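Structure at a glance
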Amino acid sequence: GENVEQHPSTLSVQEGDSAVIKCTYSDSASNYFPWYKQELGKGPQLIIDIRSNVGEKKDQRIAVTLNKTAKHFSLHITETQPEDSAVYFCAAIIFGNEKLTFGTGTRLTIIP
Amino acid sequence: NAGVTQTPKFQVLKTGQSMTLQCAQDMNHNSMYWYRQDPGMGLRLIYYSASEGTTDKGEVPNGYNVSRLNKREFSLRLESAAPSQTSVYFCASKSTSGGTGELFFGEGSRLTVL
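Quick notes on the rules
Residues numbered from 1 in each chain as written. Chains lettered and ligands numbered in written order. Predicted model: local features only at pLDDT ≥ 70, side-chain atom pairs only at ≥ 80, totals over all residues. Heavy atoms only, no water. Phe/Tyr/Trp six-rings, centres within 6.5 Å; stacked < 30°, edge-to-face > 60°. Helix = DSSP H or I, 4+ residues; strand = E, 2+ residues; numbered from the N terminus. Buried < 20%, exposed > 50% of the residue type's maximum accessible area, 1.4 Å probe, protein only. Salt bridge = Lys/Arg side-chain N within 4 Å of Asp/Glu carboxyl O. Contact = heavy atoms within 4.5 Å. Buried area = accessible area lost by both parts, 1.4 Å probe. Polar contact = N/O pair within 3.5 Å; in protein donor to acceptor, adjacent residues only side chain to side chain.

Another aspect to go through is the packing of aromatic side chains. All names here are of chain A. If you walk through the whole model with that rule in mind, you get 15 aromatic pairs over all chains. Between Tyr 32 and Phe 95, the ring centres sit 5.3 Å apart and the planes meet at 80°, which makes this aromatic pair edge-to-face. Of this pair, Tyr 32 sits in strand E4 (residues 32–38) while Phe 95 sits in the loop between strand E9 (86–92) and strand E10 (101–102); the two residues are 63 residues apart in sequence, bridging distant segments of the chain. Given the relative accessible area of 2%, Tyr 32 is considered buried. For Phe 95, a relative accessible area of 29% translates into the label partly exposed.

Dropping the structure here:
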């Protein structure tokens, strides 16, 4: 089955700086890579996703890049704000399948 | 919109006791899931139901049973709770008809087994 590794497990950045979270996946057939944000006491919520037919996707301050050859994808958050503090999960799946495999999560702390 | 609703939010059990976690969604989604979240382990799939009347094992099904009562409701049962089942449990749902692949999560149920 799919295996997703995520790094780092914790990340602290100054407000206004950028944050990068990296993930690798094992199954070359996976073609859909979502990122979820979990705020304290809440369930995870989708913030951005990418399919394997594109290399990069942006949505305001967040972007995701995908390197299919290396089986590697990353989340980039620019101009970080206090509300970006949360736990972030990457995931991978063959689109249309049921078993979404999550990474182990990154706790991001924005320092004011 | 309520989205995905889980009950209870908190529960403390003694080893060997049984309980059922309830989940309901009001988005007319076909697929429903139960995940557990443990520190350093991420979210691990326990069971899922791709449609009403069907259920399948995920990554960590041992010690659990599920019931897809109807399209809206998907329950998770612990028949004889063990301390290793202390965790936060999340129910989620997904549309499979023209959907984006997005999972919608409930707010979680925190279970402690003493």
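The next thing to look at is the pattern of salt bridges. Taken as a whole and assessed by the stated rule, the structure comprises seven salt bridges over all chains. A:Asp49 is the partner of A:Lys57 in a salt bridge, and the nearest nitrogen-oxygen pair spans 2.8 Å. On the accessibility criterion, A:Lys57 (36% relative accessible area) is partly exposed. Measuring nitrogen to oxygen at the nearest pair gives 2.9 Å for the salt bridge that ties A:Asp84 to A:Arg61. Taken together, the residues A:Asp84 in the loop between strand E8 (72–77) and E9 and A:Arg61 in the loop between strand E6 (56–59) and strand E7 (62–67) connect sequence positions 23 residues apart. A relative accessible area of 6% places A:Asp84 in the buried class. What emerges from the salt-bridge pattern is a single network uniting B:Arg36, B:Asp38 and B:Arg44.

What follows covers the interface of chain A and chain B. Every contact between the two is made by 19 residues of chain A and, on the other side, 23 residues of chain B. Each partner contributes to the roughly 1,600 Å² buried at the junction of chain A and chain B, and carbon and sulfur atoms together form 54% of this total. Considering only the side of chain A, the residues that lose the most area to chain B are A:Glu98, A:Lys99 and A:Phe102, jointly responsible for 34% of the buried surface there. Taken together, the connections running from chain A to chain B amount to one salt bridge. Here B:Glu107 makes a salt bridge to A:Lys42, at a shortest N to O gap of 3.2 Å. Taken together, the connections running from chain A to chain B amount to seven residue pairs in polar contact (both at pLDDT 80 or more). Of all the secondary structure elements, the ones that give two or more residues to the side of chain A that touches chain B are E4 and strand E5 (45–51) of chain A.

Honestly, that's just the spatial picture; any functional story needs more than this.
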